[in-house]
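Residue-level listing of the chains:
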Amino acid sequence: MTDSLYLATNENATGKRMVALGVMELAMRRYNRVVFFRPFVTISAAEDQSIRLMRSRYQLTAPPEAMAGVTRSEARQLLAEDRYEELIQRIQQKFKSLQASADFAVLEGT
C-alpha cells in the first residue's frame, strides 16, 4: 500500500505550495517513486502552477493530465447536475491510477 499525505486549507494564500515542496523534498529522499496529485485544478492540469513546479523540480514523469482529478468547471457542472458521487469517483479513479506507480503520494488540495 502506498503512503500518502493530503495537504489542504480552506483559504487562499496560506503557503500550501511551500509546504508541499517541503514534503516533496523529504519524500524524494526517503522513497524511490514519488507522485504529486491535485484533486482540482483551475483551468487545466498543464497550466496548473503546482503541477508544473513539481514536474519540473522533481523530474516527475507522469503527464500533467494524470496528476489532476478534474477542473473547477467540470466539478461545478457535476455538482449542478447533482452528480456528487460521480465527481468523487472520477477524482478517486485518477488518483488511484497515479498512485499505483508510486511508493508515496503528495496531494495538494483545497
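Here we summarise the structure given alongside this text. (Residues numbered from 1 in each chain as written. Predicted model: local features only at pLDDT ≥ 70, side-chain atom pairs only at ≥ 80, totals over all residues. Heavy atoms only, no water.)

**Section: the overall build of the protein chain**
Here's step 1: Assigned secondary structure in the protein chain consists of four helices and four strands.
Here's step 2: Order of helices (α) and strands (β) in the protein chain, N terminus to C terminus: β-α-β-α-β-α-α-β.
Here's step 3: In terms of overall dimensions, the protein chain is globule-like: its C-alpha atoms have a radius of gyration of 14 Å, near the 13 Å expected for 110 residues.
Here's step 4: Seen through its C-alpha atoms, the protein chain measures out along the principal axes to roughly 45 × 30 × 20 Å.
Here's step 5: By sequence separation, contacts in the protein chain at least 24 residues apart represent 70% of the contacts at least 6 residues apart.
Here's step 6: Split by element, the accessible area of the protein chain, about 6900 Å² in all, is 49% carbon and sulfur. (Helix = DSSP H or I, 4+ residues; strand = E, 2+ residues; numbered from the N terminus. Rg over C-alpha atoms; globule rule 2.2 N^0.38 Å. Contact = heavy atoms within 4.5 Å. Areas by Shrake-Rupley, 256 points an atom, 1.4 Å probe, with all protein chains shown as cover.)

**Remarks on the sheet that holds strand β3 (residues 68-71)**
Here's step 1: In spatial order, the strands read β1-β4-β2-β3; together these four strands make up an open sheet with parallel pairing. The open sheet has two free edges, formed respectively by β1 (3-8) and β3, since each of these has just one partner strand. Averaged over all pairs of adjacent strands, the angle between strand axes in this sheet comes to 15 degrees, irrespective of strand direction.
Here's step 2: Against the sheet, helix α1 (residues 16-30) touches β1, β2 (34-41) and β4 (104-109), its axis set at about 180 degrees to β4.
Here's step 3: This element, helix α3 (residues 72-80), spans β2 and β3 of the sheet and lies at about 65 degrees to β3. (Pairing = 2+ DSSP bridges. Axes fitted to C-alpha atoms, helices over the stretch in contact; angles between N-to-C directions.)

**Examining unusual backbone geometry**
Here's step 1: In this model, Gln59 sits at a positive phi of 50 degrees, which is unusual for a non-glycine residue.
Here's step 2: Note that Gln59 resides in the loop between α2 (49-58) and β3.
Here's step 3: Residue Asp82 is not a glycine yet carries a positive backbone phi of 55 degrees.
Here's step 4: On the accessibility criterion, Asp82 (70% relative accessible area) is exposed. (Buried < 20%, exposed > 50% of the residue type's maximum accessible area, 1.4 Å probe, protein only.)

**Observations regarding the side chain of Arg38**
Here's step 1: Summarising the element assignment, Arg38 is placed in strand β2.
Here's step 2: A distance of 2.9 Å separates polar atoms of two side chains, one belonging to Arg38 and the other to Asp48.
Here's step 3: When neighbours within four sequence positions are excluded, Arg38 is seen to be in contact with Asp48, Ser50, Ile51, Met67, Ala68, Gly69 and Glu108. (Polar contact = N/O pair within 3.5 Å; in protein donor to acceptor, adjacent residues only side chain to side chain.)

**Structural notes on the pairing of β2**
Regular strands have side chains that alternate between both faces of the sheet.
Here's step 1: A large share of β2 lies buried, amounting to seven of its eight residues.
Here's step 2: Both β2 and β3 contribute to a ladder of three bridges, which runs parallel. Across the sheet, Phe40 pairs through a bridge with Val70, a residue of β3.

**Details of the packing of aromatic side chains**
Here's step 1: Inspection of every chain in the model, using the stated rule, returns two aromatic pairs.
Here's step 2: A centroid spacing of 4.9 Å and a plane angle of 20 degrees characterise the contact between Tyr31 and Phe104, whose relative ring orientation is stacked. You can see Tyr31 sitting in the loop between α1 and β2 and its partner Phe104 sitting in strand β4, a full 73 residues away along the chain. Like Tyr31, the residue Phe104 is buried in the burial classification.
Here's step 3: A centroid spacing of 5.3 Å and a plane angle of 55 degrees characterise the contact between Phe37 and Phe95, whose relative ring orientation is tilted. Highlighted residues: Phe37 in strand β2 and Phe95 in helix α4 (residues 84-99), separated in sequence by 58 residues. A single burial state applies to Phe37 and to Phe95, both of which are buried. (Phe/Tyr/Trp six-rings, centres within 6.5 Å; stacked < 30°, edge-to-face > 60°.)

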